[in-house]
Amino acid sequence: MQDWNKDDMFGYQFLNGCNPVMIRKCMKIPDSFPVTDEMVEGCLKRGRKLQDELQAGNICIVDFEILKEVPTSKERYLTAPICLLYKNELDQMLPIAIQLLMPHVCFTIAINSKAREKLISEDGIITKVGSISGAGMVILMQNAMKTLTFKSLCLPEDIKVRGMEDVPKYYYRDDGMMIWEAIHSFVSAVVKIYYDSNKAVQKDVEIQGFVKDVVFGMNNFDKFPKSLNSQEQLVEYLTVVIFTASAQHAAVNFGQFDWYGWIPNSLSTMRKPPPQQKGQVDMKYIMESLPDCVCSSMVLGTVWALSRTQENERLLGMYPDMYFTEQPAMEAIKTFYNKLEEVTKIIKSRNEKSTLPYWYLSPDKIPNSVAI
Ligand SMILES: [Fe+2]
């Protein structure tokens, strides 16, 4: 099975795997699966339009509609996928739906539901070790959501709005800006390959649907885009998603053990109220205020686990799954990777001169997605 992750092995299994009866010839793309010519252009090797390939009988579809809305066991997840396959000139069956953001959302649903259940739920770890009650957590999150805007997720604007352009030794900003720019020019290059005009962006029903999904159910949806009308807007939007899932998360996540692992440095809760007047506090009062041993060890265990990276972590700029096979896209990935290597070098040489190195935004330590 050394080829299990290859496209043709994926397609092969619909023909000769354990369930060879789901694949059908596709004469018309279903309305629920809006694939356009632009999206599949690079994959249709005979140089024909999707409509012609459909008529020629070279497109197949696997639709797991029967899985829709089937109840699942606790903590088990299910999706009802649809897959289009293309019979190429070598008679291989290949999947063709391109998904730019796939590597950047890897394991995110899993870790998010774990976090909702184990960390921030009414009786979760944060309530157990912290001061905020279960009900308080909900209010805290509602409050945080009020301040969240699309622009606050764009690093250059966020720095400006907070007036932090000139503060020295703000490594989060300095390193973050280098990474933001690297992601931005990578995304620009890729978007230019697949969208030749603003119209092409406006007409991409999947992208427009994705943007609508993001704001669905949000209270402050007026602070987020509801559609994307130009290549430029698409580039900015994708840059936000990739930057947030990779660099921003790394910056806020991987320092947890460094900063919260030493309990007196940032106690999760206090057992006594803060003093009202100066000079009243002695060591006894401090010790009685600090979290007890049980609480402290729970904090230690949690921040230790949350600061781990995985073995074989997929880092920013690594796209081993080959979602793109077209030459210009492969070149854009290579340029992106080289740029990130340069950033790593700059950060490394700065850190060598520093007594307290800042490495959370060094690209060789930034995973591609929020997975912990
Ligand atoms: Fe995290």
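What you are looking at is a predicted structure, and each value in this text was computed from that prediction instead of being measured. Position labels on residues start from 1 in each chain and follow its written sequence. Local features are withheld for residues below a pLDDT of 70 in this predicted model, meaning they are given only at 70 or higher, and side-chain atom pairs are given and counted only at 80 or more; totals for whole chains, interfaces and linings count all residues. Working from all heavy atoms in the structure, the side-chain values ignore hydrogens and water.

Turning our eyes to something else, we now look at the overall build of the chain. Secondary structure summary: the chain contains 15 helices and 4 strands in total. For the chain, the spread of C-alpha atoms along the three principal axes comes to 85 × 50 × 45 Å. Burial status follows relative accessibility: with a 1.4 Å probe on protein chains alone, a residue under 20% of its type maximum counts as buried, one over 50% as exposed, and anything between as partly exposed. Going through the 372 residues of the chain one by one, you find that 38% of them count as buried. Any two residues whose heavy atoms approach within 4.5 Å at even a single point are treated as in contact. Considering only residue pairs separated by 6 or more positions, the chain has 66% of its internal contacts joining residues 24 or more positions apart. Only the protein chains shown count as cover for residues, with accessible areas throughout obtained via the Shrake-Rupley method and a probe of 1.4 Å. About 22700 Å² of surface is accessible on the chain, with carbon and sulfur atoms providing 59% of the total. Where the 41 positive side-chain charges of the chain centre and where its 45 negative ones centre are 4 Å apart. Counting from the N terminus, the helices are DSSP H or I runs at least four residues long and the strands are E runs at least two residues long. Positive charges are assigned to Lys and Arg, negative charges to Asp and Glu, while His and the chain termini are left out of the count. Think of each charge as sitting on NZ of Lys, CZ of Arg, CG of Asp or CD of Glu.

Attention shifts here to the confidence of the model for the chain. Averaged over all residues, the pLDDT of the chain equals 86, while 92% of them reach at least 70. On a scale of 0 to 100, pLDDT captures the predictor's confidence in every residue. The spread of mean pLDDT over the elements of the chain runs between strand β4 (residues 93–95), the lowest at 57, and helix α15 (residues 327–352), the highest at 96.

We now examine the coordination of the iron ion. Coordination angles at a metal have ideal targets, namely 109.5 degrees for four tetrahedral donors and 90 or 180 degrees for six octahedral donors. Looking at the metal site, the iron ion is ligated by His249 (NE2), Asn253 (OD1) and Ile372 (O), spaced 2.2 to 2.3 Å from it. Spacing between the donor residues of the iron ion along the chain follows H-x3-N-x118-I. Within this pair, whereas His249 is found in helix α11 (residues 231–253), its partner Ile372 is found in the segment after α15, the two being separated by 123 residues in sequence. Given the relative accessible area of 11%, His249 is considered buried. Sites may look incomplete, because water is not among the atoms used; the donor set itself consists of N, O and S atoms within 2.8 Å of the metal (3.2 Å for Na, K and Ca).

Turning next to the state of the cysteines. Here, the term disulfide refers to a pair of cysteine sulfur atoms separated by no more than 2.5 Å. For the structure on display, the rule yields 0 disulfides. Free of any disulfide, Cys26 has its nearest neighbouring cysteine sulfur in Cys60, separated by 8.1 Å.

Our focus in this paragraph is the pattern of salt bridges. What makes a salt bridge here is a side-chain nitrogen of Lys or Arg within 4 Å of a carboxyl oxygen of Asp or Glu, nothing more. Scanning the model with the defined rule gives 13 salt bridges in all. Of the charged contacts, one joins Lys151 and Glu236 as a salt bridge, the two residues approaching to 3.3 Å between their closest N and O atoms. Residue Lys151 is found in the loop between α6 (134–147) and α7 (155–161), and its partner Glu236 is found in helix α11; the two are separated by 85 residues along the sequence. Overall, Glu236 belongs to the partly exposed group, its relative accessible area being 21%. Its salt-bridge partner being Glu288, residue Lys272 comes within 3.0 Å of it at the nearest N-O pair. Taken together, the residues Lys272 in the loop between α12 (256–260) and α13 (283–289) and Glu288 in helix α13 connect sequence positions 16 residues apart. In this structure Lys272 comes out as partly exposed when scored by relative accessible area, which is 29%.

This next bit is on the domain arrangement of the chain. If you check the domain split of the chain, you get domain 1 (1–104) and domain 2 (148–365). The split into domains, and so the bounds of each, comes from an automatic or database assignment of domains. Computed from C-alpha coordinates alone, the two centres of domain 1 and domain 2 are separated by 33 Å. In this complex, domain 1 contributes 12 residues to the contact, which on the side of domain 2 involves 15 residues. Buried area between domain 1 and domain 2, summed over both chains or domains, comes out near 1600 Å², and the portion from carbon and sulfur atoms is 70%. A simple way to read buried area is as the amount of 1.4 Å-probe accessible surface that goes missing from two parts once joined, with both sides added. The largest per-residue losses of area from domain 1 upon contact with domain 2 belong to Leu100, Leu101 and His104, which jointly make up 39% of the total buried on that side. For the pair domain 1 and domain 2, the number of links is 0 salt bridges. The definition of a polar contact used here is a pair of N or O atoms within 3.5 Å, where within protein one atom must be able to donate a hydrogen and the other to accept one, and adjacent residues in sequence count solely through side-chain atom pairs. Between the two partners, domain 1 and domain 2, sit 1 residue pair in polar contact (both at pLDDT 80 or more).

Fitted lines through C-alpha atoms serve as axes, helices being fitted only where they are in contact, and the angles separating the N-to-C directions of these axes extend from 0 to 180 degrees. The geometry of helix α8 (residues 171–194) relative to α15 is characterised by a closest axis approach of 9 Å and an angle of 170 degrees between their N-to-C directions. If you check the angle between α8 and α15, you find them roughly antiparallel. The residues of α15 that touch α8, namely those facing Tyr171, Asp175, Met178, Ile179, Ala182, Ile183, Ser185, Phe186, Ala189, Val190, Ile193 and Tyr194, are Pro328, Ala329, Ala332, Ile333, Phe336, Lys339, Leu340, Val343, Ile346, Ile347 and Arg350. Tallied by class, residues from the contact of α8 with α15 come to 19 nonpolar, 1 polar and 3 charged. Should an angle lie under 35 degrees it is considered roughly parallel, over 145 roughly antiparallel, and from 65 to 115 roughly perpendicular; all remaining angles are considered oblique. Residues are grouped as follows: Ala, Val, Leu, Ile, Met, Phe, Trp, Tyr, Cys and Pro are nonpolar; Asp, Glu, Lys and Arg are charged; all remaining types, including Gly, are polar.

Glancing now at a nonpolar patch on the surface. Two joining distances apply to patches: 9 Å for like charges and 5 Å for nonpolar side chains (Val, Leu, Ile, Met, Phe, Trp, Tyr), and every residue must have over 30% relative accessible area and no salt bridge. A surface patch of nonpolar side chains, amounting to about 380 Å² of accessible area, comprises Val281, Met283, Ile286 and Met287. Mapped onto the elements, Val281 comes out in the loop between α12 and α13.

Time to look at the packing of aromatic side chains. Only centres within 6.5 Å qualify two rings of Phe, Tyr or Trp (six-membered ring in Trp) as a pair; their planes then separate them into stacked at under 30 degrees, edge-to-face at over 60, and tilted for everything else. As enumerated under the stated definition, the model contains 10 aromatic pairs in all. With centroids separated by 6.1 Å and ring planes inclined at 35 degrees, the aromatic side chains of Tyr171 and Tyr358 adopt a geometry described as tilted. Placement of the pair is Tyr171 in helix α8 and Tyr358 in the segment after α15, with a sequence separation of 187 residues. Between Trp180 and Phe243, the ring centres sit 5.3 Å apart and the planes meet at 70 degrees, which makes this aromatic pair edge-to-face. Of this pair, Trp180 sits in helix α8 while Phe243 sits in helix α11, and the two are 63 residues apart along the sequence. There is no split in this pair, since Trp180 and Phe243 are both buried.

Taken N-terminus to C-terminus, the directions of α8 and α11 make an angle of 140 degrees; their axes are 9 Å apart at the nearest point. Of the possible angle classes, the one that applies to α8 and α11 is oblique. The element α8 and its partner α11 pack so that their crossing is right-handed. The segment α8 lies against α11, with Tyr172, Gly176, Ile179, Trp180, Ile183, His184, Val187, Ser188 and Val191 engaging Gln231, Leu234, Val235, Leu238, Thr239, Val240, Ile242, Phe243, Ser246, Ala247, Gln248 and Ala251. Of the residues assigned to the contact of α8 with α11, the class counts are 14 nonpolar, 7 polar and no charged. Rotating anticlockwise by less than a right angle from the far helix to the near helix defines a left-handed crossing, while the corresponding clockwise rotation defines a right-handed one.

All right, on to helix α10 (residues 205–215) then. Among all positions of α10, only Ile207, Gln208, Val211 and Val215 are buried. The buried side chains of α10 occupy one side of the element, clustering within an arc of 100 degrees when seen end-on. As for α10, its buried residues are in contact with α9 (198–202) and α11. Sitting at the head of α10, Asp204 places a side-chain oxygen 3.0 Å from the backbone nitrogen of Glu206. Each C-beta atom gives one direction from the helix axis, and the arc is the one those directions make.

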